[in-house]
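# A closer look at the structure
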Amino acid sequence: MTREQYILATQQNSLPRTEHPQFYPVGIYGWRKRCLYFFVLLLLVTMIVNLAMTIWILKVMNFTVDGMGNLRVTKKGIRLEGISEFLLPLYVKEIHSRKDSPLVLQSDRNVTVNARNHMGQLTGQLTVGADAVEAQCKRFEVRASEGGKVLFSADEDEIVIGADRLKVTGTEGAVFGHSVETPHIRAEPSQDLKLESPTRSLVMEAPRGVQVNAAAGDLKATCRKELHLQSTEGEIFLNADTIRLGNLPVGSFSSSSSSSSSSSSSSPSSSAPRQTIYELCVCPNGKLYLSPAGASSTCQSSSNICLWS
């Protein structure tokens, strides 16, 4: 027996024995017990309500293992089904639709797409509004779906149209404020081609020649003052079955020609009607006029004919 056990045994024997020992109850009784039961019951009800609300939210929001509702989390990113509304800015790397449906971006005011660099500075902006579509960037390009050919590009220096054919369907045609450089201009098969300058001159230049061709119609050149056909090194050819020069002034008969004509008219053979034949004369200044043909033609002798204006 150890020393502690011996001491305890001797102390228990030395204590006086009482006939009626006192017992002290252990636990919570009275109003404390009722309050404890009330709080336990309230906690149980709260847990049940919370669990029911959680189950209801999961069912309404359609929570699954892959995502929530129309939102699905995949290996390639986040996938949204149906119409989605964003109340705050959206920062993504790429947005694309499914293969069998288009991508629609809709807003009550406008849709603005911004591009920024690593410093946060705005480098490009595309705004689709109710009145206009505005693009602010250093260079704007429109490319073909196949091959990536540039169909239209614009920057501060020039505008390039890379399509094989530029078609203008307006009734007033196309208006150019400055020079136009193009290898070919033609109209539709059933339409007329008209090049017009209402208040200024129309100049067509080419390093190797200008060809104007009307395969199934007439060719008409009209001006208000003067029409110049100039060839610096070559010649000007007028090749046609009939060449007509209308509204040319007619020269007068000389005295010798009038006397000869009067003598010929007195002959018996002058009873038949005669047709007057004219000559085309050129003045030293380049003007043209008509003169009656004859031995004493005014085409060489008369000089006052060239003074008409």
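Keep in mind that what you see is a predicted model, and the values were worked out from it rather than measured.

## Section: helix H2 (residues 31-60)
Taking 1.5 Å as the rise per residue, H2 with 30 residues should run 44 Å; its terminal C-alpha atoms sit 43 Å apart, in good agreement. Burial within H2 is sparse, with just zero of its 30 residues counted as buried. Following H2 by one or two positions, Asn62 has its phi on the positive side, about 55 degrees.

## Here we look at the packing of aromatic side chains
In this structure the tally under the stated criterion is two aromatic pairs. Taking 6.5 Å as the distance between ring centres and 65 degrees as the angle between the ring planes, the aromatic pair formed by Phe140 and Phe152 counts as edge-to-face. Of this pair, Phe140 sits in strand E7 (residues 140-143) while Phe152 sits in strand E8 (residues 150-154), placing them twelve residues apart in sequence. The exposure class of Phe140 is partly exposed, given its relative accessible area of 35%. On the basis of relative accessible area, Phe152 is assigned to the partly exposed category, the value being 28%.

## A short note on the pairing of E8
Where E7 lies against E8, four bridges are found, and the strand directions are antiparallel. Across the sheet, Glu141 pairs through a bridge with Ser153, a residue of E8. Connecting E7 to the next strand, E8, in antiparallel fashion are six residues, including Gly147 with a positive phi near 90 degrees. Across three bridges, the pairing between E8 and strand E9 (residues 159-161) is antiparallel. The residue of E9 that forms the bridge with Phe152 is Ile161. The antiparallel pairing of E8 with E9 creates a hairpin that spans four residues between the two strands.

## Structural notes on the UniProt feature "transmembrane region" (unreviewed entry) in the protein chain
Per the UniProt record, the feature "transmembrane region" (unreviewed entry) sits at residues 36-58. The span residues 36-58 is 100% helical and 0% strand by assignment, and the distance between its end C-alpha atoms comes to 33 Å.

## A few points about the pattern of salt bridges
Tallied over the full model, the rule gives five salt bridges. Note that Asp164 and Lys149 form a salt bridge whose closest N and O atoms lie 3.0 Å from each other. Of this pair, Asp164 sits in the loop between E9 and helix H3 (255-266) while Lys149 sits in the loop between E7 and E8, placing them 15 residues apart in sequence. A relative accessible area of 40% means that Lys149 is categorised as partly exposed. A salt bridge links Lys194 to Glu196; the nearest nitrogen and oxygen atoms lie 3.5 Å apart. Overall, Lys194 belongs to the exposed group, its relative accessible area being 64%. Here Glu196 falls in the exposed class, since its relative accessible area comes to 53%. Through salt bridges with shared partners, one network takes in Arg139, Glu141, Arg143 and Asp155.

## Things to note about the layout of surface pockets
Each pocket or cavity is described by its volume, and for the second largest pocket that value is around 2300 Å³. Along the wall of the second largest pocket there are 41 residues; nearest its centre are Phe86, Leu90, Ile95, Leu103 and Leu105. Secondary-structure elements contributing two or more residues to the lining of the second largest pocket are strand E3 (78-80) and strand E4 (111-116). The leading source of residues in the lining of the second largest pocket is E4, at six residues. Taken together, the residues that form the lining of the second largest pocket break down as 18 nonpolar, twelve polar and eleven charged.

## Comments concerning the sheet that holds E3
Pairing is antiparallel in the open sheet, where three strands are placed in the order E1-E2-E3. If you trace the sheet from one side to the other, it starts and ends with strand E1 (67-68) and E3, each paired once. Sheet topology note: the strand E2 (residues 71-73)/E3 ladder contains three bridges and is antiparallel. Considered in E3, the bridge of Arg72 is made with Arg79.

## Examining the side chain of Thr127
The topology assignment puts Thr127 in strand E5 (residues 122-128). Beyond its immediate stretch of four places on either side in the chain, Thr127 contacts Asn110, Val111, Thr112, Ala132, Val133 and Glu134.

## Notes on the environment of Ser201
Here Ser201 is to be found in the loop between E9 and H3. Ser201 sits in the exposed class, given a relative accessible area of 62%. With 22 residues separating them in the primary sequence, Ser201 and Cys223 have C-alpha atoms 8.8 Å apart.

The rules behind each value
- Residues numbered from 1 in each chain as written.
- Predicted model: local features only at pLDDT ≥ 70, side-chain atom pairs only at ≥ 80, totals over all residues.
- Heavy atoms only, no water.
- Helix = DSSP H or I, 4+ residues; strand = E, 2+ residues; numbered from the N terminus.
- Expected span 1.5 Å × (residues − 1).
- Buried < 20%, exposed > 50% of the residue type's maximum accessible area, 1.4 Å probe, protein only.
- Phe/Tyr/Trp six-rings, centres within 6.5 Å; stacked < 30°, edge-to-face > 60°.
- Pairing = 2+ DSSP bridges.
- UniProt positions renumbered as here; feature names shortened; annotations may be inferred.
- Salt bridge = Lys/Arg side-chain N within 4 Å of Asp/Glu carboxyl O.
- 1 Å grid on protein atoms, 1.4 Å probe; cavity = no way out; pocket = protein on both sides within 12 Å on 5 of 7 lines; lining within 4 Å.
- Points joined across faces, edges and corners; volume = space filled by probe spheres on them.
- Nonpolar A, V, L, I, M, F, W, Y, C, P; charged D, E, K, R; others polar.
- Contact = heavy atoms within 4.5 Å.

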